[in-house]
Amino acid sequence: MKWTGLNDLRESYLKFFESKGHLRLNSFPLVPQGDNSILLINAGMTPLKKYFQGIEEPPRHRVTTCQKCIRTPDIENVGKTARHGTYFEMLGNFSFGDYFKHEAIAWAWEYLTKVLEIPPERLWVTIYEQDDEAGDIWANEVGVPRERIIKLGKADNFWEHGSGPCGPCSEIHFDRGEKYGHFDHIGQDNFEEVGDCDRIIEIWNNVFTQFDNDGHGNYTQLKTKNIDTGMGLERLACVMQDVDNLFEVDTVQNILKKISSIVGVDYKQDEVKDISLRVITDHIRSTTFMVGDGVLPSNEGRGYVLRRLLRRAARHGRLLGCTKPFLHEVCDTVINENVTAYPELGEKRAYIKKVIQTEEESFAKTIDKGTEILNEMIEKLEKSGEKTLSGADVFKLHDTYGFPLDLTKEILHEKGLEADEEGFHACMKEQKDTARKNKKLGGGWDNAKNSELDKFKTTFVGYTGLTSETKLLAIVRNGELSPLCEEGDDVSVVLEETPFYAEMGGQVGDCGVVVSGDNVIEITDTKKLPGGQFISNGKVVSGGFSEGETVTAKVDAEKRAATQRNHTCAHILQAALRSVLGDHVHQAGSYVDPYQCRFDFSHFSAVTPEELAKVEEYVNKVIMAAVPVVTEELPIEEAKKKGAMALFGEKYGDVVRVVSVGEYSTEFCGGTHLKNSAEAGLFKIVSESSVASGVRRIEAVTGLNVLNVLNSYKDTVVKAAEALKIPNTNELVHRCESVMNELREKDKKIESMAQAAANAQLGDLKGVDVNGVTVITAALDGTGADGLRKIGDSLADKYECFVAVLAGTAEGKSSILCKCSKSAVAKGANAGTLVREIAAVAGGKGGGKPDQAMAGIPDASKIKDALAAAADIAAKYIK
């Protein structure tokens, strides 16, 4: 057995199974494709379920992969133990109805003992207690002594998940030696006990899918049997490198060392600090790969998983004394250690680092304040003797300070406290109802019934023509398949050949008509079902139709052309953004229909007006250049060589459709496009905005819609001129400036008068002495927040040691200002704390710095009560 690096292990495994006739597939993205049951890929076989279930034909019946995986259920244990991690790679060899137990068992043993040269005497085998077939293969064909073949029960060595395909497992375990535990003997009677102390660890698991479970404990043999093998790459590397845990494996250790050098903390010198080093090491591996596969930080779904990992890592950086953002610096090491197997990491290096840096900087702005608020909450809990932080407080930390629930729970657990998770989720639900309702297609068709249409096949012919004589395969009416439909019915129809493009890739589905003589269905929308059928939704406006009849399908040519203008310009827009803003720009989503082009992209600040003007000019220059738009189908490797851009996280087949706009843009795309850029006419950006952290959105129009926008602008200008009584619109800007100057002058006079009146009210105030600090309170009608601040500043000339609580109402908004002198702060006064408690009396909220803070008051009638309580509240803190 020789030391082998993790990257070399991965390659040797894949090469070995290629030699056994397996097709090597690249790792699928961490974002599941066409599978909404999970947020992230969590096992090697997960992306291959469609082949195991017979939904799709595999590219070959023998496949081998090394799959990136993320698992977060045990996130709270990551770092606390050296065994837990959220990111790992799973080696796998799979058979879809090809080979079975004999080959799977023999090849597993051959790879471990011949290729890796692991001594057979250090390996143990487990089988399902009723799987005598596997036991005989191990003993008679492979030559493993019977005493080293351990029989285990269903809980350990039988894979099943409810009803459906299932089967026994056979695992291979490695004996790490007596330094992990001494036993007089190892065998059937104490095998599980030996495993509990980590002396014997599982390294290989063969799942023999051979039964079908009817859900009632009845098992029948499957006609087609499969092999699903899983082996953790990092765990195998631990064995081959003779190290205790994954954090000491070569590639992972190099990441940990980089973190240690940045934060100035050595590993294995302090167990508490070791926890933080392991947390950061694991989480930066996960987040680098997640961002590389197109996941962006957000408060929902997989984006939330990314955010909580990044923020947990950032918090542990602060526990090690590193207050500056640093995780993006570690990305380089993660990428360098993995780029040979995952070259896309190198291609997206700048983008990955920018996303992580932006999220880290965003959290840095709130973590200190959030930690301060949480510490105050914990202090109150401890004083009251309570052990659970309320759901409302947990939600406040999440909503206001960006603390993921897991992070709050972790900090509370360190203090022996708990979080009210049920209350937190209730608050989340109150803020936004995230329940997703099943969308229904036209004709009342529910997505749950899609399988009833699986027998029909649709051929799309809309790339080359807008009309097709075809057969009406199926009619859906009132939520059910129907042999006919008549005038007035809302229906969905499936055609044998269809020119109607189905909504995909951000392009809206086609509309048009289906006709047969005088009988007409107006098609308003077209979608694609999971089984590949195109289903067009609409209404029968005249006559009737019957299943199986020949009809003519006609796409609305004007709307299709308008949609194509927007789609082709979306491609040019991405090229323009990358040219003006930089190569970090990648598409994060899009939507094109006949009326607009909406394009979401990765960028980390608002696009300036000057940059937008350059982008708009770039697109229009490409349009004016009248360059050809070429669509072709190419092998994926050839497409990549041409520089074709792929959408983040998408999984493509061996042959892809590529759309090129001259030399300006080349992208993978399945949508419909113009033949020449000049057909777009004109391009006009309507708006630019933020849709998520690190994601911007541009909305634009093309063709005749540009004229509509320009006419709308003109109407607005004319109406504004009329309102200002200007005969010539050319004078509008000058007149607006004059009006604004006049208003500013009047505002200054009004503010000056209000402050003079307020100062007059303050003249006779003496305040109340609280432990040597003068506490002043006053209600100043007609004074807004800015006026209160100026009055508060003027008090410093009158009083040396004071706390001023001033309330005012202006323009329907009420505010309370708390101002503390330096000497008052030294005696324990804190404006932020005081204004928060005083405002709470009136139902308000606020906060700020120790010397000055502001709060908003929703009910002005309660200001008097708040001011009356000010002195008593101040007395609690002034010593």
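Our structure is the block above this text.
Description of the structure in this document. (Residues numbered from 1 in each chain as written. Predicted model: local features only at pLDDT ≥ 70, side-chain atom pairs only at ≥ 80, totals over all residues. Heavy atoms only, no water.)

### Side note on the pairing of strand β22 (residues 534–542)
Side-chain positions along a regular strand alternate between the two faces of the sheet. The condition that has to hold: Here a strand pair is declared whenever DSSP counts at least two bridges between the two strands. Only runs of H or I of at least four residues qualify as helices and only runs of E of at least two qualify as strands under DSSP, and these elements are numbered from the N terminus.
As paired strands, strand β18 (residues 490–495) and β22 are joined by five bridges and run antiparallel to one another. Paired with Ser 492 across the bridge in β22 is Asn 537. Here strand β21 (residues 519–528) folds back onto β22, and the loop between the two strands holds five residues, one of which, Gly 532, carries a positive phi near 100 degrees.

### Topic: the sheet that holds strand β31 (residues 695–702)
Within a beta sheet, neighbouring strands are joined by backbone hydrogen bonds and run either parallel or antiparallel to one another. Short version of the rule: Axes here refer to lines fitted to C-alpha atoms; in helices the fit is confined to the stretch in contact. Angles between the N-to-C directions go from 0 to 180 degrees. Every residue pair with non-hydrogen atoms within 4.5 Å of one another is taken to be in contact.
One open sheet holds the four strands; their spatial order is β25-β26-β31-β30, and the pairing between them is antiparallel. Both edges of this open sheet fall to β25 (587–592) and β30 (683–692), since each of them pairs with a single strand only. In this sheet, neighbouring strand axes are inclined to one another by 15 degrees on average, regardless of whether the strands run parallel or antiparallel. Relative to strand β26 (residues 597–602), helix α17 (residues 557–581) is tilted by about 30 degrees, and along the sheet it contacts β25, β26, β30 and β31. On the sheet, helix α20 (residues 704–723) packs against β30 and β31 and is oriented at approximately 100 degrees with respect to β31.

### What to know about the packing of aromatic side chains
Test applied: Think of it this way: a Phe, Tyr or Trp ring, Trp meaning its six-membered ring, pairs with another when their centres are within 6.5 Å, and the plane angle makes it stacked under 30 degrees, edge-to-face over 60, tilted otherwise. Partly exposed describes any residue whose relative accessible area lies between the buried limit of under 20% and the exposed limit of over 50%, with all areas from a 1.4 Å probe on protein chains only and scaled to the type maximum. A ring has a charge above it when a Lys NZ or an Arg CZ is no more than 6 Å from the ring centre and no more than 35 degrees off the ring normal.
Evaluation of the coordinates by the stated rule reveals 29 aromatic pairs. Considering the side-chain rings of Trp 109 and Trp 138, the 5.8 Å spacing of their centres and the 75 degrees angle between planes classify their relative orientation as edge-to-face. One end of the pair, Trp 109, is in helix α3 (residues 101–115); the other, Trp 138, is in helix α4 (residues 132–142), with 29 residues separating them in the sequence. The exposure class assigned to Trp 138 is buried, which follows from its relative accessible area of 0%. Linked through ring pairs, Tyr 13, Phe 16, Phe 17, Tyr 99, Trp 107, Tyr 111 and Trp 204 together constitute an aromatic cluster. A cation over an aromatic ring shows up here: Arg 176 above the ring of Tyr 180, its NZ or CZ 4.2 Å from the ring centre. Its end group placed over the ring of Tyr 463, Arg 657 keeps NZ or CZ at 3.6 Å from the ring centre.

### A word on the nonpolar core
The condition is simple: Only buried Ala, Val, Leu, Ile, Met, Phe, Trp, Tyr and Cys residues count toward a nonpolar core, and they belong to the same one when joined by side-chain atoms within 4.5 Å.
Counting residues in each nonpolar core, the largest one holds 112 residues, and the members touching the most others are Tyr 111, Leu 112 and Trp 204. Looking at this core element by element, the count peaks at eleven residues for helix α13 (residues 349–384). Residues contacting Tyr 111, with those up to four places away along its chain left out, are Leu 9, Ser 12, Tyr 13, Phe 16, Leu 116, Trp 204, Met 231 and Leu 236.

### Things to note about a negative patch on the surface
Note the cut-off: Residues enter a patch when their relative accessible area is above 30% and they make no salt bridge; the linking distance is 9 Å between like charges and 5 Å between nonpolar side chains (Val, Leu, Ile, Met, Phe, Trp, Tyr). In short, Shrake-Rupley with a 1.4 Å probe defines the accessible areas, and a residue's cover is counted only from the protein chains shown. Here, a salt bridge means any side-chain nitrogen of Lys or Arg that lies within 4 Å of a carboxyl oxygen of Asp or Glu. When charges are tallied, Lys and Arg are placed among the positive residues and Asp and Glu among the negative ones, while His and the ends of the chain are skipped. Each charge is placed at NZ for Lys, CZ for Arg, CG for Asp and CD for Glu.
Judged by side-chain charge, Asp 156, Asp 189, Glu 192, Glu 193 and Asp 196 come together as a negatively charged surface patch. In terms of residue count, the dominant contributor to the negative patch is helix α6 (residues 191–196) (three residues). On the secondary structure map, Glu 192 appears in helix α6. Classification of Glu 192 as partly exposed rests on a relative accessible area of 48%.

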